[in-house]
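# Fold and geometry: a report
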Amino acid sequence: QVQLVESGGGLVQPGGSLRLSCAASGFTFSTYSMSWYRQPPGKERDLVAVITIPSGATNYADSMKGRVTISRDSNKNTVYLQMNSLKPEDTAVYYCKARRMVAGQPAGLGTWGQGTQVTVSS
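All residue numbers here refer to positions counted from 1 along the written sequence of the relevant chain. With the structure being a predicted model, the display of local features is reserved for residues of pLDDT at least 70 and the display and counting of side-chain atom pairs for 80 or more, all residues being used for whole-chain, interface and lining totals. Computation of side-chain values covers all heavy atoms of the structure but excludes hydrogens and water.

Before going further, it helps to examine the nonpolar core. In terms of nonpolar packing, the biggest core is built from 28 residues, with Met34, Trp36, Leu81, Met83 and Tyr94 touching the most fellow members. When contributions to this core are tallied by element, the ones reaching two or more residues are strand 3 (18-25), strand 4 (32-39), strand 5 (46-51), strand 7 (68-73), strand 8 (78-83), strand 9 (92-102) and strand 11 (116-120). Take the buried Ala, Val, Leu, Ile, Met, Phe, Trp, Tyr and Cys residues and link them wherever side-chain atoms come within 4.5 Å; each set so joined is a nonpolar core. When accessible area is computed with a 1.4 Å probe and restricted to protein chains, residues below 20% of their type maximum are described as buried, those above 50% as exposed, and intermediate ones as partly exposed. Runs of H or I in DSSP of at least four residues are treated as helices and runs of E of at least two as strands, each being numbered from the N terminus.

Here Asp90 lies in the loop between strand 8 and strand 9. Judged by relative accessible area, Asp90 falls into the buried class, the value being 0%. At 2.7 Å, the side chain of Asp90 forms a polar contact with the backbone nitrogen of Lys87. Two N or O atoms count as a polar contact when they lie within 3.5 Å, although within protein this holds only if one can serve as hydrogen donor and the other as acceptor, and sequence-adjacent residues are included solely when both atoms are side-chain atoms.

Before going further, it helps to examine the environment of Thr52. Examined against the element boundaries, Thr52 turns out to sit in the loop between strand 5 and strand 6 (58-60). In sequence terms Thr52 and Ser121 are 69 residues apart; their C-alpha atoms lie 32 Å from each other. By definition, residues are in contact when any of their heavy atoms lie within 4.5 Å. What Thr52 contacts, discounting residues up to four positions off in sequence, is Ser33, Ala57 and Arg72. Within the structure, Thr52 has its side chain in polar contact with the side chain of Ser55 (distance 3.4 Å).

By the element assignment, Tyr60 lies in strand 6. As a C-alpha pair, Tyr60 and Arg99 span 39 residues in sequence and 17 Å in three-dimensional space. Setting aside anything within four residues of it in sequence, one finds Tyr60 in contact with Val48, Ala49, Lys65, Val68, Thr69 and Ile70. A polar atom in the side chain of Tyr60 sits 3.0 Å from the backbone nitrogen of Ile70.

What follows is about the state of the cysteines. Disulfides are defined in this document as cysteine sulfur pairs within 2.5 Å. Applying the stated criterion across every chain, the model contains one disulfide. Linked covalently through their sulfurs, Cys22 and Cys96 form a disulfide whose S-S length is 2.2 Å. Its S-S torsion of approximately -80° makes the covalent link between Cys22 and Cys96 left-handed. Linking Cys22 in strand 3 with Cys96 in strand 9, this pair joins segments that are 74 residues apart in sequence.

The next thing to look at is the packing of aromatic side chains. The criterion for an aromatic pair is that two Phe, Tyr or Trp rings (for Trp, the six-membered ring) have centres within 6.5 Å, with stacked assigned to planes under 30 degrees apart, edge-to-face to planes over 60 apart and tilted to the rest. A complete count under the given rule lists four aromatic pairs for this structure. Aromatic side chains Tyr37 and Trp112 sit 4.8 Å apart centroid to centroid with 70° between the ring planes, which places their arrangement in the edge-to-face category. One end of the pair, Tyr37, is in strand 4; the other, Trp112, is in strand 10 (residues 105-112), with 75 residues separating them in the sequence. Ring centres 6.3 Å apart and planes at 85° place the aromatic pair Tyr95 and Trp112 in the edge-to-face group. Note that Tyr95 is positioned in strand 9 and Trp112 in strand 10, a separation of 17 residues in sequence. For Trp112, a relative accessible area of 33% puts it in the partly exposed group. Taken together, the ring pairs connect Phe27, Phe29 and Tyr32 into an aromatic cluster. Directly above the aromatic system of Tyr95 lies the positively charged group of Arg45, at a separation of 3.6 Å from the ring centroid. Positioned above the aromatic ring of Phe29, the side-chain terminus of Arg72 is 4.3 Å from the ring centre. Lysine and arginine charges are scored as sitting over a ring when NZ or CZ, respectively, is within 6 Å of the ring centre and within 35 degrees of the ring normal.

Written out as structure tokens, the structure reads:
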């Protein structure tokens, strides 16, 4: 059973940094692409960053490009999102998503974590 558990959210002042973690279990981590999404209050859930396999190539949404870095540790089955220079508009619930890859293409709808709240406020 695929399971994703996010952590690392919290309250941070504008300009601050946070590192989110997503611990994965129940599947072969190296065969899944991993991504982070966020959902601000009253808005839709949008992609923040994705890291693919096997190349480890990354892609970022324009809204956070240059301020976030996605990475994965295959030894720990964990994906990270380092966020810097945070702004109040970055306030959202941040979700991790795992999606199985077959022959370089995504297969299935993927699995979501439960989310972690990030609040940027002074």
